[in-house]
Amino acid sequence: MANLIEIKEVSKIYRRDSIETPVLTGINLSVGNGEFLALMGPSGSGKTTLLNLIAGIDKPTGGEIIVGGTDIARLSESALAKWRSSNIGFIFQFYNLIPVLTAYENVELPLLLTKLSKQERKQHVEAALNIVGLAERMNYYPKQLSGGQEQRVAIARAIVTDPLILIADEPTGDLDKNSAEEIMTLMQRLNSEFKKTIVLVTHDAHTASRAKTLRHLEKGDLLPADGQAA
Amino acid sequence: MKVLKLIFKNSFRHKLRTFLTILGIGVAVMAFGLLRTVVNAFGSGVRASSADRLVTRDAVTFINPLPLSYFNQIKQVPGVKQVTYMNWFGGTYIDQSHFFARYAVDPNTFFSVYPEYEIGKKAFAEFQSQPNSCIVGSALAQRYNFKAGDVITINGDIYPGTWEFQVAGIYKPEFKSTDAMSMFLNWNYLNEEVKQTFPGRADEVGWYVEQIANGANPGEVSKEIDALFANSPAETKTESERQFQQGFLASAGAIISAMNYVSFVIVGIIMLVLANTMIMSARERTREYAVLKAIGFSGRHLVGMILGESLLVSLLGGILGIFLTYPLVNSFASFSNFLGAELSVQSITLITAFTAVVFVGIAAAIFPIQRAMNTRIADGIRFVG
Ligand SMILES: Nc1ncnc2c1ncn2[C@@H]1O[C@H](COP(=O)(O)OP(=O)(O)OP(=O)(O)O)[C@@H](O)[C@H]1O
Ligand SMILES: [Mg+2]
């Protein structure tokens, strides 16, 4: 099976004025279709940076990032935006819902960029909210929801366009233990039942243990795959 | 469209802040509206002046009268079609705060030299035949509820005594810019009274107004009139009505240009008020905008959202301001009785205010748009306000 994500010799150097901060140095990583990969590593090791490169919201200084056969590092900004909207679902540590929109409207946002009719959008939004178990809260505003519920709305927003890949940067980082468990159960289900390929970053070993594969990032370098590799 | 809803919801995210911004813009637009109205009112006398009328006054000062005998001489000057004359009557109606202009005019010639003051046949006949009658402007009549037959009592100052004038009729202004706040009384009646009380001041005219014939050169006609009275005890100065008005305005010129200047400073203030709000909002939403971009929203979408919000707030402020301008101008007009002219909000003022508000809405969005566009998604998502 061809790998869905193929990262070859990727490096990333942040430049601000004349100061250069090398963050990633020659990373090689393959993620197969349907995989659930957890990235761990100390703070500042470059996890978010790597995740952003895979998601196409940042560009590498060198190397290739091939996702589904497309070298996304070579796409123009607008082509990349289009590519993201149909291929990537984002889940953030701080949910990042729009506070003035209801749960329903937040989930609907990505669909506004599609040609779907209002009725079709409604079906998709309700299906996504059903999967995360919040259909009955669809008219709530973010501040009327608990942190765990907000994150589930954010997950519904991430899956509503039915993307290939879910990108999650510390999705449980701001949640209590129980909510974190629920979120990880949901993520596992999205992986097994809905066949989403998931790349997740976490600090927490327990969270990481729910993934199929675990990789460690240390000072911009990916450590060799450990025994948990699928 | 869904995006409109988001723009609307975004605008009222901080209700108090948005409300204060709208109020701030509204008050500024209101001040702008009042200033422009006053500036326009100053100018409207000049615009209302007719190009084919000349004014002849004493060469030294406007206050010195001219002899009535000049009338027949001026009438003979080639190029002069009609002549009329008038005096400033002055006096007080009720008290100083109820100011309007009062002129004693020649009942036979005045209304044909000034066709823009339209009166009916009956009123005109009565004005000519009834010595103590008067004609009042429609705006003046409306303000004091004057009707034909009413008696208006004026306390004289230039012409001392208590004067009673009976309203013969009401004149209508032909154009919007025509003054509708004046009172015209019968010069012959005034002259007869003066003969009795101050014989020395009889047969004196404040100034003459000539209507020139089609095709006549105003400059040359003026010269010929003034030449008639050169080296006489009362030399004259004749100029076009427009020059005459402008000369009168020149003294007020510094004030007008200051008001002009301030009215545009106000536009700058509106811009700062709105730009401040917009910059705060955009900063708070750095992360949201980055998330929207990550999801696939384009720069165009963000431009639309930010510009839409800025325009919505500026337009709401503008509309509020325009609505507030009317009562402000009316109350200003009622206690200051400005120049005797009807002070009203002109459409040019509304258009200028509206244009300024749209301009401000766009300008205030530029910096936030730039910021939203230039923030890299990855940095925006990391951003902690
Ligand atoms: N825009 C930037 N400009 C300069 N340096 C940056 C920028 N973004 C990140 N860095 C640096 O890159 C390094 C890696 O950052 P990154 O956010 O990828 O780490 P991380 O592994 O996700 O850390 P954490 O676990 O704290 O989230 C850090 O040293 C950080 O300071
Ligand atoms: Mg990170």
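Source: prediction; values computed, not measured. (Residues numbered from 1 in each chain as written. Chains lettered and ligands numbered in written order. Predicted model: local features only at pLDDT ≥ 70, side-chain atom pairs only at ≥ 80, totals over all residues. Heavy atoms only, no water.)

Enquirer: I'd like a description of empty space enclosed by the protein, backed by residues and values.
Expert: Taken as a whole, this structure holds 6 cavities of 30 Å³ or more when the rule is applied. Taken as a whole, the largest cavity spans an internal volume of roughly 110 Å³. Lining the largest cavity are A:Leu101, A:Glu105, A:Glu108, A:Leu109, A:Leu112, B:Lys2, B:Val3, B:Lys5, B:Leu6, B:Phe297 and B:Met305. When contributions to the lining of the largest cavity are tallied by element, the ones reaching two or more residues are helix 3 (103–108) of chain A together with helix 1 (2–11) of chain B. Ranked by the residues each element gives to the lining of the largest cavity, the list is headed by helix 1 of chain B, at 4 residues. (1 Å grid on protein atoms, 1.4 Å probe; cavity = no way out; pocket = protein on both sides within 12 Å on 5 of 7 lines; lining within 4 Å. Points joined across faces, edges and corners; volume = space filled by probe spheres on them. Helix = DSSP H or I, 4+ residues; strand = E, 2+ residues; numbered from the N terminus.)

Enquirer: How would you sum up the domain arrangement of chain B? Please name residues and give values.
Expert: Accessible area lost when the parts come together is the quantity often used to give the size of an interface. Each assigned domain of chain B is listed here: domain 1 (2–44 + 253–382) and domain 2 (65–233). Taking only C-alpha atoms, the centre of domain 1 of chain B and the centre of domain 2 of chain B are 47 Å apart. (Domains from an automatic or database assignment.)

Enquirer: For the interface of chain B and chain A, give the residues involved together with the corresponding values.
Expert: Each side of the interface is counted separately: chain B has 21 residues, and chain A has 27 residues. Taking both partners together, chain B and chain A bury about 2,100 Å²; carbon and sulfur atoms supply 64% of that area. The largest contributions to the chain B side of the interface with chain A come from B:Lys2, B:Lys9 and B:Ile295, which together make up 26% of the buried area. Linking chain B to chain A there are 3 salt bridges. In this structure, B:Lys9 and A:Glu105 form a salt bridge, with 3.1 Å as the shortest nitrogen-oxygen distance. (Contact = heavy atoms within 4.5 Å. Buried area = accessible area lost by both parts, 1.4 Å probe. Salt bridge = Lys/Arg side-chain N within 4 Å of Asp/Glu carboxyl O.)

Enquirer: Just give me the short version of the site of ligand 1, but keep the residues and values in it.
Expert: Neighbouring ligand 1 are 15 residues; A:Ser43, A:Lys47, A:Thr48, A:Thr49 and B:Arg382 lie closest to it. Looking at what sits near ligand 1, you find residues from chains A and B. In this structure, an oxygen atom belonging to ligand 1 sits 2.5 Å away from a side-chain N or O atom of A:Ser43. One of the backbone N or O atoms of A:Gly44 is found 2.9 Å from an oxygen atom in ligand 1. Protein chains bury 73% of the 630 Å² of accessible surface belonging to ligand 1 in isolation. (Near = heavy atom within 4 Å. Polar contact = N/O pair within 3.5 Å; in protein donor to acceptor, adjacent residues only side chain to side chain. Areas by Shrake-Rupley, 256 points an atom, 1.4 Å probe, with all protein chains shown as cover.)

Enquirer: Lay out the pairing of strand 1 (residues 53–58) of chain B with the relevant residues and their values.
Expert: All names here are of chain B. Taken across its 6 residues, strand 1 has 6 buried, putting it largely inside the fold. Alignment of strand 1 against strand 11 (residues 207–212), held across 4 bridges, turns out to be antiparallel. Among the inter-strand pairings, leucine 54 is bridged to a residue of strand 11, identified as glutamate 210. Pairing between strand 1 and strand 12 (residues 236–240): 5 bridges, direction antiparallel. By the bridge assignment for strand 12, aspartate 58 is matched with threonine 236. (Buried < 20%, exposed > 50% of the residue type's maximum accessible area, 1.4 Å probe, protein only. Pairing = 2+ DSSP bridges.)

Enquirer: Could you give an account of the layout of surface pockets, with specific residues and numbers?
Expert: When its volume is computed, the second largest pocket comes out at roughly 780 Å³. Forming the boundary of the second largest pocket are 37 residues, of which A:Thr48, A:Asn52, A:Asp169, B:Ala378 and B:Arg382 lie nearest the centre. For the lining of the second largest pocket, the secondary structure elements donating two or more residues are strand 1 (3–16), strand 2 (19–32), helix 1 (47–55), strand 6 (88–91) and strand 7 (165–169) of chain A together with helix 14 (377–382) of chain B. No other element matches the 6 residues that helix 1 of chain A contributes to the lining of the second largest pocket. Here the residues of the lining of the second largest pocket sort into 16 nonpolar, 11 polar and 10 charged. (Nonpolar A, V, L, I, M, F, W, Y, C, P; charged D, E, K, R; others polar.)

Enquirer: Quick one: what's the story with unusual backbone geometry, residue by residue and with numbers?
Expert: Residues and elements named next belong to chain B. Here asparagine 145, not a glycine, exhibits a phi torsion of approximately 60°, which is positive. Structurally, asparagine 145 is set in the loop between helix 6 (138–144) and strand 7 (151–156). For aspartate 203, which is not glycine, the phi dihedral falls at a positive 55°. Along the polypeptide, aspartate 203 turns up in the loop between helix 7 (187–197) and strand 10 (204–205).

Enquirer: I'd like to hear about the packing of aromatic side chains, residue by residue, with values.
Expert: Residue and element names in this part refer to chain B. Applying the stated rule across the entire model yields 32 aromatic pairs over all chains. Relative to tryptophan 163, the ring of phenylalanine 89 lies with its centre 5.4 Å away and its plane at 85°, an arrangement referred to as edge-to-face. Of this pair, phenylalanine 89 sits in the loop between strand 3 (80–88) and strand 4 (102–105) while tryptophan 163 sits in strand 8 (residues 161–173), and the two are 74 residues apart along the sequence. A single burial state applies to phenylalanine 89 and to tryptophan 163, both of which are buried. Within the aromatic cluster, the residues linked to one another by ring pairs are Trp88, Tyr103, Phe110, Phe111, Tyr114, Tyr117, Phe124, Phe127, Tyr171, Phe184 and Trp207. Between arginine 371 and the ring centre of phenylalanine 383, over which it is positioned, the NZ or CZ distance is 5.5 Å. (Phe/Tyr/Trp six-rings, centres within 6.5 Å; stacked < 30°, edge-to-face > 60°. Lys NZ or Arg CZ within 6 Å of the ring centre and 35° of its normal.)

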